[in-house]
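# Understanding the architecture of this molecule
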Amino acid sequence: MRVTTKLGRALGMLAVPGLLAAGVAADACTRAVYLGPNGNVITARSMDWKSDIVSNLWILPRGIARTGEAGPNSIKWTAKYGSVVVSGYDVSSTDGVNEKGLNANMLWLVESEYPHFDGKGKPGLTIAAWAQYALDNFATVAEAVAALEKEPFTVVTDNVPGENRLTTVHLSLSDATGDSAIFEYIKGKLVIHHGREYQVMTNSPTYDGQLALNSYWQGIGGTAMLPGTNRAADRFARASFYINAIPKNEDPNKALASVFSVIRNASVPYGINTPEQPNISSTRWRTVFDHKRQLYFFESALTPNTFWVDLKKIDFSKETGKVKWLDLGHNQDHTFSGEANGDFVEHAPFRFLGLNG
């Protein structure tokens, strides 16, 4: 396991000219963290996928007993914190926030290679619940890093529902202090990049490679030229420049508008595909989380409205809190407006896809 901080970052691990020439296919998603004045931290992400990823919004209270869904030797835990998540295929948490202001995002990384799991030794955790494990157990990024760097479980992956390819993702966390961490499994080893400077994450290449590429574009300067394609490295460069170039506005609504404009700029237009790289796909939805105000915004590519969930108004208690569901519809085409807390209905919780399912 390797942990990289701002004191230990090495951008020269990969040669930039070689990376610029390499075209790596990857499902396209982008995540960026805005660090504003007065503790105003905002995390935005886009979800890009080639078909309907069957996403819905879920309210999950504290006290839910979970298992890693990896067979008899599965990690077990009880949710310490309540959360609001966006599901993938209603069998995984692909994005979400908890009541303490921790934000988790899972993005595709084709280079991911997880440790071998033979059902012995360390307990297993289905990759479908990797983000949920963080949301259930940790209030801050630092707390999550301290626990996860000890590798208390083995991540167990399986095929994407309906597809003949393994799920290969990396995980980003951000919190109300502006701290960030990126978790990747490279050649079976956990690599963690931890620090406020790790504001942006996209897809291939691995994070070390993305940092090397971005240093090249920083040398050119974003006001002179920025790459404009839908490739992950180009979106990384654009998001990195704009998330820091936008005004550090004292008005939280104006700051929110600026962050929305950044994640839209890094999105892939609906209907666009890249024939030679079929896994680069259209943006289907975006989330933006205002950590300070605890407002979780959702925007579908197929509806005209942006709506939000106010975490401060949710009963997350173990005793009276209820699992609730917001049906976003096929391709997330149901239209909601404004605060959507009242549109959720009670629902049985979804089950995480794993070896038990």
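Let me begin by describing the structure that accompanies this report. (Residues numbered from 1 in each chain as written. Predicted model: local features only at pLDDT ≥ 70, side-chain atom pairs only at ≥ 80, totals over all residues. Heavy atoms only, no water.)

## With respect to the side chain of Arg284
Filter applied, for reference: For the purposes of this entry, the term helix denotes a DSSP run of H or I that reaches at least four residues, the term strand denotes a run of E that reaches at least two, and both are numbered from the N terminus. Whenever two N or O atoms come within 3.5 Å, that pair is a polar contact, provided that in protein one can donate a hydrogen and the other can accept it, and provided that, for residues adjacent in sequence, both atoms are side-chain atoms. When checking whether two residues touch, look at their non-hydrogen atoms; a contact exists if any pair is within 4.5 Å.
Tracing the backbone through its elements, the reader meets Arg284 in strand E16 (residues 283-290). Within the structure, Arg284 has its side chain in polar contact with the side chain of Asn331 (distance 2.8 Å). In this view, Arg284 contacts Met47, Asp48, Trp49, Lys50, Ser51, Asp52, Tyr270, Ser300, Ala301, Asn331 and Gln332; residues no more than four positions away in its chain are not counted.

## Focus on the packing of helix H5 (residues 232-245) against helix H6 (residues 252-265)
Applicable threshold: Axis definition: a line fitted to C-alpha atoms, over the contacting stretch in the case of helices. Angles run 0 to 180 degrees between N-to-C directions. Note on angle classes: values under 35 degrees are labelled roughly parallel, values over 145 roughly antiparallel, values of 65 to 115 roughly perpendicular, and the remainder oblique. We call a crossing left-handed when the near helix sits turned anticlockwise from the far one by less than a right angle, and right-handed when that turn is clockwise. Here the nonpolar group is Ala, Val, Leu, Ile, Met, Phe, Trp, Tyr, Cys and Pro; Asp, Glu, Lys and Arg are the charged ones; every other residue, Gly included, is treated as polar.
Where H5 contacts H6, the axes come no closer than 9 Å and their chain directions differ by 165°. Compared by their axis directions, H5 and H6 come out roughly antiparallel. Handedness of the crossing formed by H5 with H6: right-handed. Listed contacts from H6 to Arg238, Ala239, Tyr242 and Ile243 of H5 are Val259, Val262 and Asn265. Of the residues assigned to the contact of H5 with H6, the class counts are five nonpolar, one polar and one charged.

## Considering the layout of surface pockets
Selection criterion: Only protein atoms enter the 1 Å grid used here. Points where a 1.4 Å probe fits but cannot escape make up a cavity, open sets with protein on both sides within 12 Å along at least five of seven lines make up a pocket, and a residue lines them when an atom lies within 4 Å of a point. Grid points are joined across faces, edges and corners, and a volume is the space filled by probe spheres set on the points.
In this model, the second largest pocket occupies a volume close to 150 Å³. Taken together, Ile64, Ala65, Arg66, Thr67, Glu69, Val323, Pro349, Phe350, Arg351 and Phe352 make up the lining of the second largest pocket. Residues belonging to the lining of the second largest pocket are distributed by class as follows: six nonpolar, one polar and three charged.

## Topic: the sheet that holds strand E19 (residues 324-326)
Heads up, the condition is: At least two DSSP bridges between two strands are required for those strands to pair.
The strand order across the open sheet formed by 10 strands is E1-E14-E13-E12-E9-E8-E7-E4-E19-E21, and the pairing between neighbours is mixed. Across the chains shown, the open sheet's two edge strands, defined by having one partner strand only, are strand E1 (2-4) and strand E21 (345-346).

## Section: the sheet that holds strand E18 (residues 306-310)
Reading across the sheet, the seven strands line up as E15-E2-E3-E16-E17-E18-E20 and stay open at both edges, with mixed pairing between neighbours. Edge strands, defined here as strands with exactly one partner in the open sheet, are strand E15 (200-201) and strand E20 (338-339). Here seven bridges tie strand E3 (residues 41-48) to E16, and the two strands are oriented antiparallel to one another. Paired with Ile42 across the strands is Asp290, a residue of E16.

## Remarks on the packing of aromatic side chains
For clarity, the threshold we go by: Here a Phe, Tyr or Trp ring, Trp counted by its six-membered ring, pairs with any other such ring whose centre lies within 6.5 Å, and the pair is stacked when the planes are under 30 degrees apart, edge-to-face when over 60, and tilted otherwise. For the exposure calls, accessible area comes from a 1.4 Å probe over protein chains only, and a residue counts as buried if that area is under 20% of its type's maximum, exposed if over 50%, partly exposed in between.
Counted according to the given criterion, the structure contains 17 aromatic pairs. Between Tyr198 and Tyr207 the ring centres are 5.8 Å apart and the planes differ by 70°, which places this aromatic pair in the edge-to-face class. Residue classification places Tyr198 among the buried residues on the basis of a relative accessible area of 0%. Considering the side-chain rings of Phe297 and Trp308, the 5.6 Å spacing of their centres and the 50° angle between planes classify their relative orientation as tilted. Linking Phe297 in strand E17 (residues 295-300) with Trp308 in strand E18, this pair joins segments that are 11 residues apart in sequence. Clustering of aromatic rings is evident, with ring pairs tying together Trp58, Trp325, Phe350 and Phe352.

## Looking at empty space enclosed by the protein
If you walk through the whole model with that rule in mind, you get three cavities of 30 Å³ or more. By volume, the largest cavity is sized at about 340 Å³. Together, 26 residues line the largest cavity, and Ser92, Thr94, Met106, Thr167 and Val169 are the ones closest to its centre. Put simply, the parts of the chain that give the lining of the largest cavity at least two residues each are strand E8 (92-98) and strand E9 (103-108). Take the lining of the largest cavity: its biggest share by element is three residues, from E9.

## Focus: the environment of Phe297
Judged by its relative accessible area of 7%, Phe297 is buried. Sequence-distant contacts of Phe297, that is, excluding residues within four places in its chain, are made with Leu256, Phe260, Arg286, Thr287, Val288, Thr306, Phe307 and Trp308.

## A look at the pairing of E17
Among the six residues that make up E17, six are buried, leaving the element largely enclosed by the rest of the structure. Side chains of E17 alternate between two faces, with Leu295, Phe297 and Glu299 and Tyr296, Phe298 and Ser300 buried alike. Where E16 folds back onto E17 in an antiparallel hairpin, the turn is made up of four residues, including Gln294, whose phi is positive at roughly 55°. Inspection of the sheet shows E17 paired to E18 by five bridges, in the antiparallel sense. Its bridge partner being in E18, Leu295 is matched across the sheet by Asp310. Between E17 and E18, which follow one another and run antiparallel, lie five residues.

## Here we look at the pairing of strand E2 (residues 30-35)
In terms of residue burial, E2 counts as a mostly covered element, since six of its six residues are buried. Because side chains alternate across E2, one face comprises the buried residues Thr30, Ala32 and Tyr34, and the other comprises Arg31, Val33 and Leu35, equally buried. Of the pairings in the sheet, the one linking E2 to E3 comprises six bridges and is antiparallel in character. Looking at the pairing, Tyr34 lines up with Ile42 of E3. Taken together, E2 and the strand that follows it, E3, pair antiparallel across an intervening segment of five residues, in which Asn38 is found at a positive phi of about 55°. Sheet topology note: the E2/E15 ladder contains two bridges and is antiparallel. By the bridge assignment for E15, Ala32 is matched with Val200.

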